[in-house]
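# Survey of secondary and tertiary structure
Listed here are the chains, written in short residue letters.
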Amino acid sequence: MQNEKDRALWELAQARASFKKHLFSYVVVNLFLVAIWYISSRPYTSYFWPIWPMLGWGIGLLMHYFGAFHADSFFSAEKEYDKLKNKS
């Protein structure tokens, strides 16, 4: 039983660390894209094209966040079992 809990905690820790790496790469890459846009455009007249990769990747980042920090409670079989048991 304890070994199973340790394994679950280890997987949760890995998921959260993976999210932090994903967030860091999102920020670095998107700052680079904004810098390219800023350098290559005339002030106040250029279309802000980096918004599209930011939005697309941001949706994936948001899904990764919920999977790493909220999936254990949202998709919990034990909680669903308790709900069904209390209904009866």
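Report on the accompanying structure. (Residues numbered from 1 in each chain as written. Predicted model: local features only at pLDDT ≥ 70, side-chain atom pairs only at ≥ 80, totals over all residues. Heavy atoms only, no water.)

## Concerning a nonpolar patch on the surface
There is a patch of nonpolar side chains on the surface, built from Phe-32, Ile-36, Tyr-47, Trp-49, Trp-52 and Leu-55 and spanning about 670 Å² of accessible area. Counting through the fold element by element, Leu-55 comes out in helix α2 (residues 51–69). By relative accessible area, which is 44% here, Leu-55 ends up partly exposed. (Patch = residues over 30% accessible without salt bridge, like charges linked within 9 Å, V, L, I, M, F, W, Y side chains within 5 Å. Areas by Shrake-Rupley, 256 points an atom, 1.4 Å probe, with all protein chains shown as cover. Salt bridge = Lys/Arg side-chain N within 4 Å of Asp/Glu carboxyl O. Helix = DSSP H or I, 4+ residues; strand = E, 2+ residues; numbered from the N terminus. Buried < 20%, exposed > 50% of the residue type's maximum accessible area, 1.4 Å probe, protein only.)

## A word on the pattern of salt bridges
Applying the stated rule across the entire model yields one salt bridge. Here Glu-11 makes a salt bridge to Arg-7, at a shortest N to O gap of 3.0 Å. Here Arg-7 and Glu-11 lie together in helix α1 (residues 2–40), a separation of four residues that amounts to about one turn. The class of Glu-11 is partly exposed, set by a relative accessible area of 42%.

## Examining the side chain of Asn-30
Mapped onto the elements, Asn-30 comes out in helix α1. The exposure class assigned to Asn-30 is buried, which follows from its relative accessible area of 4%. Of the polar contacts made by the side chain of Asn-30, one reaches the backbone oxygen of Tyr-26; its length is 2.9 Å. Dropping the residues within four chain positions of it, Asn-30 is found in contact with Pro-53, Met-54 and Trp-57. (Polar contact = N/O pair within 3.5 Å; in protein donor to acceptor, adjacent residues only side chain to side chain. Contact = heavy atoms within 4.5 Å.)

Geometric descriptors of this kind do not, in isolation, establish any biological role.
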